[in-house]
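Here are the chains, one letter per residue:
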Amino acid sequence: MLEGVGPEPVTLVIFGGAGDLAHRKLLPALYNLHVDGLLPPRFAAVGVGRKALSDDAYRDFAKDGIGQFSRRPPDADAWPLFAQSLFFVNVSIEDAGAFATLGSRLDVIEHERGLTGNRIYYLAIPPSVFVTTVEQLARARFVPPATASLDHHAFSRLIVEKPIGHDLASAQAINDAIAKVFDEKQTYRIDHYLGKETVQNILVLRFANSIFEPLFNEKHIDHVQITVAEEEGVGTRAGYYEEAGALRDMVQNHLLQLLALVAMEPPHSLDADVVRDEKLEVLQSLRPVTTDAVDRHVVRGQYVAGFELGAPVAGYRDEPGVGKQSRTETFVALKLFVDNWRWSGVPFFLRTGKRLPKRASEISIQLKEVPPILFNANRSALDPNVLTVRIQPDEGFAFGISSKIPGPQVRIYPVQMDFRYGSAFGGTSPEAYERLLLDVMIGDQSLFMRRDAVEAAWRFVMPILDRWAGDRTAPVPTYAAGDWGPPEADRLIESTGRRWRPI
């Protein structure tokens, strides 16, 4: 967040304002910003959607979501004031006259609340209607030019929720349509992983501590593992997931962004574009995985029936809305290389999947082993030093070192230097959407994906998608729900003499 800068009065217009994302994430995040005194004094959140909701009904909808999903329940003192800032407009995005109705209502709300016309438009809607919505905004003249805020006129900003496209071509088409209406400086492509406290702390860990940064290179690092595991199955998202799969849903955005933060060069400043330039450089340095290399470096899998916490659960093809012959992957593991001087020859192992044994996201940076002399001679190998960043749950990081067990003999045992956010700072960390929404209000794009990075990530995964699409006969490996993926994923890393770290 920009140092010492507070948000100006603003209206947040949420397309899809009565949807699941608003219910679970956006409205609870706004409420917590209100409780923390971080919202501007003059503020309005206007939900837009097809549901016929009154303002009061929308406030009840918001209160229900906050009660279920917020890190703080609705407070008798804080809630009434926050509720006054919530409104709902019942229109259909596709309706040509809808935006005239919306514009009239926004004018009334902004006049009554003393707002200046600054607006943020949040596309919490399916990607299939991104372009239509942006074109409607332009047609209704809702969007002043990007230079308006520089001229002390009201600003307009756009938040685009992932996924941005289904492949490189569709991502470029969406970006082209947005660029006709919104300048890149007005566009905020959101990846909620980048708003998590532990992810933000990766840069601090690397570049504010002289002990770590000199080690982040091919001379000292043996390999890096990034795991994003989900315990739940596809649930009610089968319609979306059948079209996406784990590679599009998780690798193309979340995991590659985490890799970029771990592998990037030190930026010369914390300016948004300077940081994003360095992350882009990593994505562009990824060794392409093409043709037959896909079979050697990428493993996919699909969960079958198994057990979760001792209870039987259905396989993916038996989930409601999933085809009986579906080839959609619910698990992906990859071996990647960043072909630059810093990381030459260091493998990065990524894995993600649904119906895994636990919900956990971790980055493990394993240092090279000490030479087989002194304490590592004539005995079983010492455990390597590992820096582990726990993104969720139990946010924090740990560094594994070897220590002597007290006593007359030299016996060595691995111990952990462990930092936990909860015990160090108390309370609960802000949710990712709290930070991200506040940054949009302030105008800080540091944690948001730029167009070139989105398209670079798609460009990297496209050969994998094309390879899978071109071979419809090879069986998709399976794994039982509750396991850590198919055996092929173990063989992928074990073929290099390494193992997946326990989580």
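Structure's up top.
Residue positions are given per chain, counted from 1 along the sequence in the order it is written. Selection of residues for local features in this predicted model requires a pLDDT of at least 70, selection of side-chain atom pairs for listing and counting requires 80 or more, and totals for whole chains, interfaces and linings are taken over all residues. Each side-chain value is worked out from all heavy atoms of the structure, with water and hydrogens disregarded.

Engineer: Explanation requested: the overall build of the chain in the structure shown.
Structural biologist: Scanning the chain from terminus to terminus reveals 14 helices and 17 strands. Computation of the radius of gyration draws on C-alpha atoms, with the globule rule given as 2.2 Å multiplied by the number of residues to the power 0.38. Rg of the C-alpha trace for the chain: 24 Å, near the compact-globule value of 23 Å for 503 residues, within the 12% margin. Burial here depends on accessible area, computed with a 1.4 Å probe over protein chains only, as a share of the maximum for the residue type. Under 20% is buried, over 50% is exposed, and the range in between is partly exposed. Per-residue burial over the chain gives 53% buried out of 503 residues. Contact between two residues is taken to exist if any of their heavy atoms lie within 4.5 Å; hydrogens are not considered. Sequence-distant contacts in the chain: of pairs separated by 6 or more residues, those separated by 24 or more amount to 78%. The Shrake-Rupley method, run with a 1.4 Å probe, gives the accessible areas here. Residue values count only the displayed protein chains as cover. A total accessible area of about 22300 Å² is found for the chain, and carbon and sulfur atoms account for 54% of it. In this charge count, Lys and Arg are treated as positive and Asp and Glu as negative; neither His nor the chain ends contribute. Just so you know, the charge point we use is NZ for Lys, CZ for Arg, CG for Asp and CD for Glu. The centroid of the 55 positive side-chain charges in the chain is displaced by 4 Å from the centroid of its 64 negative side-chain charges. The way it works is that DSSP assigns letters per residue, a run of H or I at least four long becomes a helix, a run of E at least two long becomes a strand, and they are numbered from the N terminus.

Engineer: Mind showing me how you'd approach the sheet that holds strand 13 (residues 360–367) here?
Structural biologist: Picture the strands of a sheet paired through backbone hydrogen bonds; they go either parallel or antiparallel. As summarised here, the arrangement of the 9 strands in space is 16-15-14-13-7-12-11-8-17, forming an open sheet in which the pairing is mixed. Every interior strand has two partners, whereas the edge strands, strand 16 (412–420) and strand 17 (478–480), have only one. Going from strand to strand, the sheet's axes swing by 20 degrees on average, the running direction of each strand aside. Pairing of strand 7 (residues 221–229) with strand 12 (residues 347–353), which is carried by 6 bridges, proceeds in the parallel orientation. Across the sheet, the residue bridging to valine 228 is threonine 352, located in strand 12. The axes are straight lines fitted to the C-alpha atoms, using for helices just the contacting stretch, and the angles between their N-to-C directions are given from 0 to 180°. Along the sheet face, helix 7 (residues 197–207) touches strand 13, strand 14 (386–392) and strand 15 (396–404) and points at about 150 degrees away from the line of strand 14. Strand pairing is assigned whenever DSSP detects at least two bridges linking the two strands.

Engineer: Would you mind showing me how to read the nonpolar core here?
Structural biologist: The nonpolar side chains of a soluble globular protein tend to be buried with one another. Nonpolar core, defined: a set of buried Ala, Val, Leu, Ile, Met, Phe, Trp, Tyr and Cys residues in which side-chain atoms within 4.5 Å join the residues together. Among the nonpolar cores identified, the biggest contains 152 residues, and Phe15 and Phe348 are the most heavily contacted of them. The leading source of residues in this core is helix 8 (residues 238–263), at 14 residues. Apart from the residues within four sequence positions on either side, phenylalanine 15 is in contact with Val48, Ile93, Phe99, Leu102, Tyr121, Tyr122, Leu123, Ala124, Ile125, Thr133 and Leu137.

Engineer: What is the right way to look at the packing of helix 1 (residues 20–35) against helix 2 (residues 55–69) in this model?
Structural biologist: To describe two helices that pack against each other, one gives the angle between their axes and the distance between the axes. For the pair helix 1 and helix 2, the least separation of the axes is 8 Å and the interaxial angle reads 90 degrees. It follows from the interaxial angle that helix 1 and helix 2 lie roughly perpendicular. Where helix 1 approaches helix 2, its residues His23, Arg24, Leu27, Pro28 and Tyr31 are matched on the opposing element by Tyr58, Phe61, Ala62, Asp64, Gly65, Ile66, Gln68 and Phe69. Classifying every residue of the contact of helix 1 with helix 2 gives 8 nonpolar, 3 polar and 2 charged. Roughly parallel means an angle under 35 degrees; roughly antiparallel, over 145; roughly perpendicular, 65 to 115; everything else is oblique. Basically, the charged four are Asp, Glu, Lys and Arg, the nonpolar ten are Ala, Val, Leu, Ile, Met, Phe, Trp, Tyr, Cys and Pro, and anything else, Gly included, counts as polar.

Engineer: What is the right way to look at helix 6 (residues 168–179) in this model?
Structural biologist: In an α-helix there are 3.6 residues to a turn, and that puts residues three or four apart on one side. Under the 1.5 Å per step criterion, the end-to-end length of helix 6 is 16 Å for 12 residues, consistent within 8% with the ideal 16 Å. Its buried side turned inward, helix 6 meets helix 5 (130–139), strand 5 (156–161), strand 6 (187–190) and helix 13 (451–470). The N-terminus of helix 6 is capped by aspartate 167, whose side-chain oxygen sits 3.4 Å from the backbone nitrogen of alanine 169. Multiplying 1.5 Å by the helix residue count minus one yields the expected span of that helix. As used in this structure description, the phrase polar contact means that two N or O atoms lie within 3.5 Å; if the pair is within protein, one of them must be able to donate a hydrogen and the other to accept it, and residues adjacent in sequence are counted only when both atoms belong to side chains.

Engineer: It is not clear to me how the sheet that holds strand 4 (residues 119–123) should be interpreted in this structure. Could you clarify?
Structural biologist: As summarised here, the arrangement of the 6 strands in space is 3-2-1-4-5-6, forming an open sheet in which the pairing is parallel. Only two strands of the sheet have a single partner each, and these edge strands are strand 3 (86–90) and strand 6. On average, each strand axis in the sheet is tilted by 20 degrees relative to the strand beside it, whichever way the strands run. In this sheet, strand 5 lies alongside strand 4 in parallel orientation, the contact comprising 5 bridges. Residue pairing for strand 5: leucine 123 is matched across the bridge by valine 160. Contacts from helix 2 reach strand 2 (43–49) and strand 3 within the one sheet, and its direction differs from that of strand 3 by about 120 degrees.

Engineer: Would you explain unusual backbone geometry in this entry?
Structural biologist: In this structure, the amide linkage connecting lysine 162 to the following residue, proline 163, adopts the cis form with an omega of 5 degrees. Turning to its location among the elements, proline 163 is positioned in the loop between strand 5 and helix 6. Here the bond from glutamine 392 into proline 393 is cis, since omega is -20 degrees, no more than 30 degrees from zero. A positive phi angle, close to 40 degrees, is found at threonine 291, a residue other than glycine. If you trace the backbone, threonine 291 turns up in the loop between helix 9 (272–285) and helix 10 (293–297). At aspartate 394, a position not held by glycine, the phi torsion is positive, near 50 degrees. Checked against the element boundaries, aspartate 394 lands in the loop between strand 14 and strand 15. Judged by its relative accessible area of 36%, aspartate 394 is partly exposed.

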